[in-house]
Amino acid sequence: MRVVIGEDSALFREGLARLLAGAGHEVVAKAQDAPGLVAAVDAAEPDLVIADIRMPPDHTDDGARAARRIRDAHPGLGIVLLSQHVETRHSVDLVSRGGFGYLLKDRVFDVDDFLDTLRRVAAGGSALDPEVVSRLIGVRRAADPLASLSAREREVLALMAEGRTNVGIARRLYLTDRTVETHVSSILAKLGLPGSEEDHRRVLAVLLYLNRSRT
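Quick summary incoming for the structure in this document. All chains use their own residue numbering, which begins from 1 and follows the written sequence. A pLDDT threshold of at least 70 governs which residues receive local features in this predicted model, and a stricter bar of 80 or more applies before side-chain atom pairs are shown or counted, although totals over entire chains, interfaces and linings include all residues. Note that water and hydrogens are dropped before the side-chain values are worked out from all heavy atoms of the structure.

## Examining the overall build of the protein
The numbering of helices and of strands both runs from the N terminus, where a helix is a DSSP run of H or I of at least 4 residues and a strand a run of E of at least 2. Along its length, the protein carries ten helices and six strands. In short, Shrake-Rupley with a 1.4 Å probe defines the accessible areas, and a residue's cover is counted only from the protein chains shown. Accessible surface, the protein: about 10600 Å² in total, of which carbon and sulfur atoms supply 48%.

Shown next, in the form of structure tokens:
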């Protein structure tokens, strides 16, 4: 793969570049700040972008904001965000479009798993650190958060995870559109997801389902 790295720490940036090169990938550009990352991606047209969330010039969520700009300009490009802290403002929108990964930086040290994640994201898949999922959902649960769902609601949620719309779910389960809307509303309420835009709550429900399915 052709990769662009956005990271302001020279030590981490060069270490990541060496790891990727050693795995047979080509690092086509390296950027130290968010504007440089956007420019590098536009110029190099890579297969994958790996970026830190906190980058200059503001050292806040510059990397995440740059990732959204990059995704808007290059919809099919895989993006992996790395961070020592969980940022939620831009992440839900990014993960809802696929080809997105969000990992805490210590996950990089599990090299085989990290490289597998990069390949999966570059191919259009998603990869989210379990801690990130917990924070995106906004609550930690010791018990199975899906336990309160009925069998039908689990079926609806599984189809939501396949990317189906309410209309598609209704056709698959031979239900009316209104019945599916009722099931979706019940799922969101039972999972106790934070009130926000409806589309984002739907994405969070899918994230929770996928996270539990892997455990």
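## Structural notes on helix H1 (residues 10–22)
Under the convention used throughout, the expected extent of a helix is 1.5 Å for every residue step, that is, one less than its residue count. For H1, built from 13 residues, the straight-helix expectation of 18 Å at 1.5 Å per residue is met to within 8% by its first-to-last C-alpha distance of 18 Å. For every residue, the accessible area (1.4 Å probe, protein chains only) is compared with the maximum for its type, and the residue is labelled buried under 20%, exposed over 50%, or partly exposed between those bounds. Phe12, Arg13, Leu16, Ala17 and Leu20 are the residues of H1 that are buried. On an axial view of H1, the arc spanned by its buried residues comes to 135°, and they lie on one face. Every exposed residue of H1 that faces more than 90 degrees away from the buried side is listed here: Leu11, Arg18 and Gly22. Throughout, a residue-residue contact means that at least one pair of heavy atoms, one from each residue, lies within 4.5 Å. Looking at the buried side of H1, the elements it contacts are strand E1 (2–6), strand E2 (26–31), strand E3 (48–52), strand E4 (78–83) and helix H5 (111–122). Glycine 24, located one to two residues past H1, shows a positive phi value of around 95°. Our arc is simply the arc of the directions from the helix axis toward the C-beta atoms.

## Some thoughts on the nonpolar core
When a protein is soluble and globular, its nonpolar side chains tend to lie buried together. By nonpolar core we mean a set of buried residues, namely Ala, Val, Leu, Ile, Met, Phe, Trp, Tyr and Cys, connected to one another through side-chain atoms within 4.5 Å. Membership of the largest hydrophobic core comes to 49 residues, with the highest contact counts inside it found for Leu37, Leu81, Phe100, Tyr102, Met160 and Leu191. In terms of nonpolar packing, the next biggest core, distinct from the first, is built from 17 residues, Ile5, Ile50, Leu103 and Leu118 among them.

## Comments concerning the sheet that holds strand E6 (residues 126–128)
With respect to topology, six strands assemble into an open sheet ordered E2-E1-E3-E4-E5-E6, the strand pairing being parallel. One side of each edge strand has no neighbouring strand; the edge strands of this open sheet are E2 and E6. Looking at each pair of strands side by side, their axes are set apart by 20° on average, direction ignored. Between any two strands, pairing holds if DSSP finds at least two bridges. Two strands pair when backbone bridges link them, and strand E5 (residues 100–104) and E6 are joined in this way by three bridges, in the parallel orientation. Among the inter-strand pairings, phenylalanine 100 is bridged to a residue of E6, identified as serine 126. Taken strand by strand, helix H3 (residues 62–73) contacts E3 and E4, and its axis lies near 175° from that of E4. Lines fitted to C-alpha atoms define the axes here, with helix axes fitted over just the stretch in contact, and angles between the N-to-C directions of these axes take values from 0 to 180 degrees.

## Some words on the pairing of E1
The buried fraction of E1 is high, at four of five residues. Sheet analysis places E1 next to E2, joined by five bridges and oriented parallel. Note that in E2 the partner of arginine 2 across the bridge is glutamate 26. Across four bridges, E1 lies against E3 in parallel orientation. From the neighbouring strand, isoleucine 5 faces E3, where its bridge partner is isoleucine 50.

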